[in-house]
Number of protein chains: 2
Amino acid sequence: MVINSNRVENSACHDEPTTSVARSANATPMPPLEVHKVCLPPPRTTVEKLRHRLSEIFFPDDPLHRFQDQKPLKKLILGLEYFFPLFQWGPDYSFKLLKSDFISGVTIASLAIPQGISYAKLANLPPIIGLYSSFVPPLIYSVLGSSRHLAVGPVSIASLVMGTMLSETVSYTNEPTLYLKLAFTATFFAGVFQASLGFLRLGFIIDFLSKATLIGFMAGAAVIVALQQLKGLLGISHFTGKMQLIPVLSSVFHHENESQRKPKLFWISAAAPLTSVILSTVLMVCLKSKLHGIKTEGIAVGRTFAALRNYQVDGNKEMVAIGLMNMAGSCSSCYVTTGSFSRSAVNYNAGAQTVVSNVIMAAAVLVTLLFLMPLFHYTPNLILAAIIITAVIGLIDYEAAYKLWKVDKLDFMACLCSFLGVLFISVPLGLAIAVGISVFKILLHVTRPNTVALGNIPGTQIYQNLSRYTDAARVPSFLILAVEAPIYFANSTYLQERILRWVREEEEWLASNKRSDIKCVILDMTAVTAIDTSGLDAISEIRKMLEKRSLKLVLANPVGSVMEKLHQSNILETFGLEGLYLTVGEAVADISSSWKAQP
Amino acid sequence: MVINSNRVENSACHDEPTTSVARSANATPMPPLEVHKVCLPPPRTTVEKLRHRLSEIFFPDDPLHRFQDQKPLKKLILGLEYFFPLFQWGPDYSFKLLKSDFISGVTIASLAIPQGISYAKLANLPPIIGLYSSFVPPLIYSVLGSSRHLAVGPVSIASLVMGTMLSETVSYTNEPTLYLKLAFTATFFAGVFQASLGFLRLGFIIDFLSKATLIGFMAGAAVIVALQQLKGLLGISHFTGKMQLIPVLSSVFHHENESQRKPKLFWISAAAPLTSVILSTVLMVCLKSKLHGIKTEGIAVGRTFAALRNYQVDGNKEMVAIGLMNMAGSCSSCYVTTGSFSRSAVNYNAGAQTVVSNVIMAAAVLVTLLFLMPLFHYTPNLILAAIIITAVIGLIDYEAAYKLWKVDKLDFMACLCSFLGVLFISVPLGLAIAVGISVFKILLHVTRPNTVALGNIPGTQIYQNLSRYTDAARVPSFLILAVEAPIYFANSTYLQERILRWVREEEEWLASNKRSDIKCVILDMTAVTAIDTSGLDAISEIRKMLEKRSLKLVLANPVGSVMEKLHQSNILETFGLEGLYLTVGEAVADISSSWKAQP
């Protein structure tokens with residue numbers, strides 16, 4: 001006895017399972033002893049459902065769980081600790097912790113100073129701005145940030161994006177003041193945007209930039225920035241401000257045509273820095289495997305803090321902290337900063353205990369600013385260009401791109417499009433195309449879902465893909481199909497056609513192999529994770545179409561939300577008493593025994 | 001013994017299942033006797049995969065299956081029959097069939113003539129265009145179309161869309177010739193577009209207009225068209241040509257202000273038609289349930305032909321036929337036509353056997369055009385306006401909208417947005433918003449997938465949602481989670497956070513209930529229908545994070561494509577020998593017995 005749609009609401013699903021009427025031990029592979037009811041999820045009102053849905057969308061990490069069941073005073077302290085994590089670790093801060101933080105702070109400063117200078121140059125900004133940005137933001141983060149190991153400051157990707165975007169509108173060489181003003185304004189609004197996204201708990205929007213997209217984008221931007229540096233390397237004075245490949249290359253070749261009149265001078269001036277670039281590139285390639293290891297570890301470090309040290313990092317709250325840090329930074333001549341993965345990994349490995357390591361780093365940067373800056377003033381453009389080319393070439397992650405190609409061709413397509421889009425069209429359009437491809441991939445998966453025919457693995461209750469498991473066998477008189485996607489308006493017509501085709505092909509196969517006809521189609525709904533009104537209509541249509549062919553349609557194991565909608569739309573009633581089972585195995589056993597019962 | 005990633009490729013999956021090392025009968029609920037291997041799908045090259053994917057995208061209904069294994073001559077005949085279905089039924093056509101077709105043809109003509117006139121008026125076209133459109137296209141369809149019961153001609157939705165779109169640019173009253181030319185040009189290009197979509201097998205793009213969107217759109221357009229008809233009803237001469245609610249309403253009220261000077265005359269002139277509209281509306285509401293039945297049957301008829309009469313209708317080929325029909329029609333003063341659901345249902349019920357019923361209908365329309373047209377010439381605008389209002393009010397399907405609200409709130413939102421968008425903004429923008437919401441819904445489902453904790457139903461191998469099945473019980477030392485969506489870049493971060501939260505909450509619950517700790521997390525991957533490179537990284541990250549907490553991560557039943565990618569990305573190697581099981585039950589049994597084995 002299976003579900004009666006009139007009884008669904010009232011039936012307590014913890015009733016004793018009822019044994020089926022007629023059974024014979026050899027009727028089906030391992031007949032189960034009982035048939036279980038398919039339950040509806042516990043009833044919830046629309047408001048409760050909406051609240052649950054919204055909390056899953058905006059608070060998946062449940063940041064307020066610490067505040068539950070606490071006294072008001074404790075809540076206030078926890079709230080203060082939440083907004084200013086300083087209060088959390090401050091009271092227990094000791095000399096021992098300071099020693100660890102001092103060592104790690106000095107270590108990351110030794111990285112942050114050269115990186116700050118070259119990253120600023122990536123953004124077409126003077127080196128000193130890079131140092132400012134390694135001084136003010138870490139101090140602000142040390143008060144607001146909740147990660148204990150994150151090292152903040154300028155990072156390569158953000159510098160690259162800022163540089164490419166700004167250069168498309170203003171040339172630093174021609175209008176340095178305007179360029180600087182624009183850079184600080186952009187930083188301020190980037191901060192406002194970050195803080196708002198975090199405050200509105202919309203941080204997940206960032207997830208739509210997939211890793212594949214970023215790999216392609218970084219490679220494209222790196223190629224352009226490296227070519228832009230040819231200006232410094234070759235000493236070209238009239239260089240394009242544009243960021244596309246064609247104008248940059250034409251600037252270079254145009255210059256070469258010009259310089260054909262004085263070829264010797266040109267090659268001499270270019271030889272030294274080119275050698276340095278080539279040497280550094282070779283060095284980079286040799287160090288690649290090691291660097292790659294650190295980088296991966298860096299990401300893992302960032303994520304595993306919560307699990308490892310049992311403290312939680314709230315992504316959206318971190319976005320607010322970083323946004324505020326940028327807003328404050330932009331008012332003190334800093335450009336866009338965020339947490340650097342590579343420096344954070346070094347910070348963690350150097351034994352940092354709290355965010356104080358950022359304060360130590362800031363202090364070291366201050367010393368540099370006060371006493372060592374004059375030294376940097378004389379760094380020739382040539383050397384800076386060489387440093388930058390070396391740095392950006394490291395951003396071209398061809399190994400990751402190759403892995404994308406190997407594992408997922410569509411991901412590789414997204415990567416390639418974002419690379420080519422950035423190279424030939426423009427940065428925002430390239431990114432938009434890549435995001436579009438990623439979204440298209442999701443839609444394609446839903447529009448053309450996989451359907452597979454299942455067979456029984458002899459001697460078990462396991463039903464698996466017939467083409468994948470060679471020991472799985474067809475169950476006579478049954479066609480068991482699994483739909484591997486939610487049933488939505490975008491695929492409801494397709495699924496109707498596809499299921500009819502399965503039936504036709506199966507009937508043809510059975511006829512040519514002289515086997516008995518199908519009498520029942522079982523749809524395994526386990527992977528149908530959602531359904532909409534078009535999907536419900538499709539199920540109803542499929543049932544009618546199969547009925548006209550004297551075939552019975554049975555659904556197995558619909559998930560909670562699907563079951564709820566099947567019930568609400570009264571489709572279950574048309575399925576009658578024997579249209580819904582908890583497992584494919586129970587459906588097969590119960591239906592075949594009912595056929596035996598009625599001769 | 002479970003999968004060894006080095007062995008996956010070589011292991012024949014039809015090996016005998018191996019029995020596990022140590023078992024005790026009461027260790028776990030009903031321990032299975034054996035542990036099955038998880039198989040990879042049969043190896044396929046990238047080209048084979050691409051071909052399979054493309055054939056699923058463009059040829060889901062496998063239209064060429066009839067051509068397989070046939071001789072060249074037979075193939076030629078089948079091809080001719082495919083492109084001109086006339087050759088299929090023509091040779092066997094008999095007087096008996098003609099008799100059936102004659103009766104049904106005359107029956108649908110009696111519907112097609114008044115509908116043709118009023119639908120033409122819906123499109124702001126003269127009635128005679130509606131009759132032309134009921135004459136030429138059916139003749140063309142009878143040669144090219146493959147459905148035997150489809151009655152073609154003008155339909156309400158298409159007329160509505162055309163009317164609203166054209167009126168936004170040109171006024172028929174002021175520039176009738178331009179309006180007509182535009183209508184025929186639009187029809188021609190609609191035909192070109194349809195034929196191209198069908199030819200390129202892109203008909204599925206239409207699926208992105210969900211039923212919910214169409215309900216809202218039709219209601220919105222119907223309200224506007226009904227208001228537009230107030231021009232005819234109230235005899236307003238200066239009426240707006242715009243299609244938005246505000247200008248239309250302001251035209252009406254502006255007129256009312258004017259007519260306050262001669263109120264008696266206005267109400268007398270308006271009373272009669274208003275009464276007729278009210279009466280017809282009441283009549284429509286009374287007939288609603290019956291009409292609704294016919295309409296639904298109509299859709300069912302269209303779809304079940306293939307199943308019922310064992311002939312196939314290729315959707316894309318039909319689009320080509322209808323596109324060509326419109327292209328030819330536009331050259332002979334016809335506007336947009338397609339298959340009408342209501343008339344097709346009548347056609348089927350009146351016993352139509354072949355497409356000849358369309359020819360009979362065309363002949364009947366021709367007789368009307370030749371001899372009865374002068375009668376229609378004197379139909380007053382008032383009556384026509386009343387007929388149209390009655391017709392369009394029938395298009396407002398509030399019952400369907402209510403059902404959407406009851407079953408799926410987001411579908412209702414899409415419906416409402418398309419309704420309000422059409423009413424207040426514009427037709428294309430309203431449709432675009434509705435499609436956007438539908439796509440957003442798909443993305444939201446992927447971005448924030450459902451995760452559920454599973455428990456064992458005592459005495460079985462069934463693992464189900466703990467919160468839905470109250471008789472399901474937690475398995476001690478295990479946390480079993482099912483992820484109900486593909487794992488993509490858009491949800492990989494969310495899933496990492498959410499799974500950690502599940503672990504934390506479970507540990508807190510166990511601690512407060514003084515139960516033993518979790519030792520193993522099982523991810524049921526049955527509903528994870530796809531994975532991309534970000535998803536693979538997420539699985540790897542989750543494994544590392546759980547390892548740091550001394551928890552084991554095990555995957556159960558990954559589907560074919562996911563298994564393939566897990567293998568290609570070498571993630572399986574990190575999972576070691578006991579990281580992959582075919583079912584949750586086998587995982588629980590095998591892992592607990594291995595714990596017993598090592599004291």
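Quick notes on the rules
- Residues numbered from 1 in each chain as written.
- Chains lettered and ligands numbered in written order.
- Predicted model: local features only at pLDDT ≥ 70, side-chain atom pairs only at ≥ 80, totals over all residues.
- Heavy atoms only, no water.
- UniProt positions renumbered as here; feature names shortened; annotations may be inferred.
- Patch = residues over 30% accessible without salt bridge, like charges linked within 9 Å, V, L, I, M, F, W, Y side chains within 5 Å.
- Areas by Shrake-Rupley, 256 points an atom, 1.4 Å probe, with all protein chains shown as cover.
- Salt bridge = Lys/Arg side-chain N within 4 Å of Asp/Glu carboxyl O.
- Helix = DSSP H or I, 4+ residues; strand = E, 2+ residues; numbered from the N terminus.
- Axes fitted to C-alpha atoms, helices over the stretch in contact; angles between N-to-C directions.
- Parallel < 35°, antiparallel > 145°, perpendicular 65-115°, else oblique.
- Left-handed = near helix turned anticlockwise from the far one by under 90°.
- Contact = heavy atoms within 4.5 Å.
- Nonpolar A, V, L, I, M, F, W, Y, C, P; charged D, E, K, R; others polar.
- Buried < 20%, exposed > 50% of the residue type's maximum accessible area, 1.4 Å probe, protein only.
- Buried area = accessible area lost by both parts, 1.4 Å probe.

By the naming in an unreviewed UniProt entry, chain A goes by STAS domain-containing protein and is assigned to Rehmannia glutinosa. According to the UniProt record, the Subcellular location (unreviewed entry) comment for chain A is "Membrane".

Attention now goes to a nonpolar patch on the surface. On the surface, a nonpolar cluster with roughly 620 Å² of combined accessible area is contributed by A:L410, A:M413, A:L416, A:L420, A:F424, A:I425, A:L429 and A:I433. Relative to the assigned elements, A:L410 resides in helix α18 (residues 409-425).

This part takes up the UniProt feature "transmembrane region" (unreviewed entry) in chain A. Residue and element names in this part refer to chain A. UniProt tags residues 178-200, 212-230, 265-287, 355-376, 382-400 and 412-440 as "transmembrane region" (unreviewed entry). Taken end to end, residues 178-200 is 96% helix and 0% strand, and its first and last C-alpha atoms sit 32 Å apart. Helix makes up 95% of residues 212-230 and strand 0%. Its end C-alpha atoms lie 28 Å apart.

Let us look at the packing of helix α7 (residues 156-167) of chain B against helix α8 (residues 176-199) of chain B. All names here are of chain B. Their axes nearest at 11 Å, the elements α7 and α8 cross at an angle of 130°. One element, α7, and the other, α8, form an angle in the oblique class. By crossing handedness, the relation of α7 to α8 is classed as right-handed. Residues M162, G163, L166 and S167 of α7 pack against Y179, L182, A183, A186 and T187 of α8. Counted by class, the contact of α7 with α8 contains 6 nonpolar, 3 polar and no charged residues.

Turning to the pattern of salt bridges, a few remarks are in order. All chains considered together, the criterion is met by 20 salt bridges over all chains. In this structure, the salt-bridge partner of B:K441 is A:D532, at a minimum N-O distance of 4.0 Å. Of this pair, B:K441 sits in helix α19 (residues 427-447) while A:D532 sits in the loop between β6 (520-524) and α21 (533-548), placing the two residues on different chains. The same class applies to B:K441 and to A:D532, which are both buried. Among the charged side chains, a network of salt bridges with common partners joins A:D408, A:D411, A:K441, B:D532 and B:K565.

The interface of chain B with chain A comprises 100 residues on the first partner and 100 residues on the second. Counting each side, the surface lost to burial between chain B and chain A is near 9100 Å², with a carbon and sulfur contribution of 56%. Looking only at chain B, the three residues that lose the most surface to chain A are B:R448, B:R468 and B:F489, adding up to 9% of its buried area. B:K565 serves as the salt-bridge partner of A:D408, at 3.2 Å between the closest nitrogen and oxygen. When contributions to the side of chain B that touches chain A are tallied by element, the ones reaching two or more residues are α1 (46-58), α12 (263-309), α17 (398-407), α18 (409-425), α19, α20 (492-512), α21 (533-548) and α22 (560-568) of chain B. Of the residues in the side of chain B that touches chain A, the class split is 40 nonpolar, 28 polar and 32 charged.

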